[in-house]
Structure formats: structure tokens, C-alpha cells
Amino acid sequence: MTGKRLAVTLPLAVACAAGAVLALADVRTPLRTVLAPLFLAVVPGAGVAGLLRGRDPLTTLAVAGASSLAINIIVAEAMLIFDVWSYRAGVVTVGILGLFLFVLRLIYRGGASAAQRT
């Protein structure tokens with residue numbers, strides 16, 4: 001990872017993690033109103049963007065943003081349909097989906113790098 005990319009990625013990851021912790025711990029602070037939505041907007045999109053390596057950056061950004069919005073809407077709709085609305089459950093669900101996409105990305109990149117070596 002290059003220095004410029006790390007300088008952007010690391011603070012964003014820390015801010016997203018702080019947003020999730022603040023939302024789950026129900027800490028009443030003005031930072032929560034900024035960091036929790038940042039977590040919900042960035043985590044699914046980052047997972048999808050990781051799967052779209054080698055694509056045009058603008059296309060990757062557009063697809064990642066749209067998929068992040070779609071994932072959040074689907075999670076919210078599912079909670080409303082099943083009458084189990086909880087912002088904590090939403091944060092946990094989006095986090096688990098983001099983790100799943102990250103693991104899928106690791107598997108996908110691991111298979112790609114092994115294919116390139118042979």
C-alpha cells in the first residue's frame with residue numbers, strides 16, 4: 001500500500017470503527033451523528049470496491065456508493081418487515097456484511113495472485 005493511500009485509508013478506518021463503537025455503546029455525543037453514518041456509508045462500499053480492482057476508479061466509486069446505499073436500504077427494509085427495528089442491529093449487520101465482503105476480497109485476491117504465479 002502506498003504512503004498516500006495509507007494516509008487516507010487509516011484515518012478513515014479509525015473513524016469508521018469509532019462510529020461503530022459509539023453507536024453500539026449508545027454514547028450521546030455530537031461525534032456519533034457524524035461517525036456512525038460514516039461507518040454505514042463507507043464499510044459496505046469499501047468491501048465492494050475491493051472486489052472491483054483493476055477497474056476505472058470513477059466506475060469503482062460509483063458502484064461502491066450505489067452498493068453501499070443498496071445494502072443499507074435492504075438491511076433497513078428487512079428490519080422493518082420483520083418488525084425488529086434497532087439501530088444497533090443495523091450497525092452490527094452492516095459490519096458483518098462488510099466483514100464478509102472483506103473476507104471474500106481476500107479469497108478472491110488470494111486466488112488471483114496464485115493464478116498469476118503459475
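Now for a quick tour of the structure. Here the structure is a predicted model, which means the values were calculated and not measured.

**Overview of the nonpolar core**
Then, in step 1: In terms of nonpolar packing, the biggest core is built from 13 residues, with Phe39, Val75 and Val91 touching the most fellow members.
Then, in step 2: Broken down by secondary-structure element, the contributors of at least two residues to this core are α1 (3-25), α2 (30-51), α3 (57-81) and α4 (87-117).
Then, in step 3: Sorting elements by how many residues they give to this core places α2 first, with 4 residues.
Then, in step 4: Those residues in contact with Phe39 that lie beyond four places of it in its chain are Cys16, Ala20, Pro44, Val91, Val94 and Gly95.

**A closer look at the layout of surface pockets**
Then, in step 1: Empty space within the largest pocket amounts to approximately 1,000 Å³.
Then, in step 2: Lining the largest pocket are 30 residues, with Thr9, Ala46, Gly47, Ala49 and Arg105 positioned closest to its centre.
Then, in step 3: For the lining of the largest pocket, the elements supplying multiple residues, two or more each, are α1, α2, α3 and α4.
Then, in step 4: For the lining of the largest pocket, the leading source of residues is α2, giving 9 residues.
Then, in step 5: Here the residues of the lining of the largest pocket are counted per class, giving 17 nonpolar, 8 polar and 5 charged.

**Some words on the environment of Ala25**
Then, in step 1: Relative to the assigned elements, Ala25 resides in helix α1.
Then, in step 2: Its relative accessible area of 48% is what places Ala25 among the partly exposed residues.

Parameters and conventions
- Residues numbered from 1 in each chain as written.
- Predicted model: local features only at pLDDT ≥ 70, side-chain atom pairs only at ≥ 80, totals over all residues.
- Heavy atoms only, no water.
- Core = buried A, V, L, I, M, F, W, Y, C linked by side-chain atoms within 4.5 Å.
- Buried < 20%, exposed > 50% of the residue type's maximum accessible area, 1.4 Å probe, protein only.
- Helix = DSSP H or I, 4+ residues; strand = E, 2+ residues; numbered from the N terminus.
- Contact = heavy atoms within 4.5 Å.
- 1 Å grid on protein atoms, 1.4 Å probe; cavity = no way out; pocket = protein on both sides within 12 Å on 5 of 7 lines; lining within 4 Å.
- Points joined across faces, edges and corners; volume = space filled by probe spheres on them.
- Nonpolar A, V, L, I, M, F, W, Y, C, P; charged D, E, K, R; others polar.

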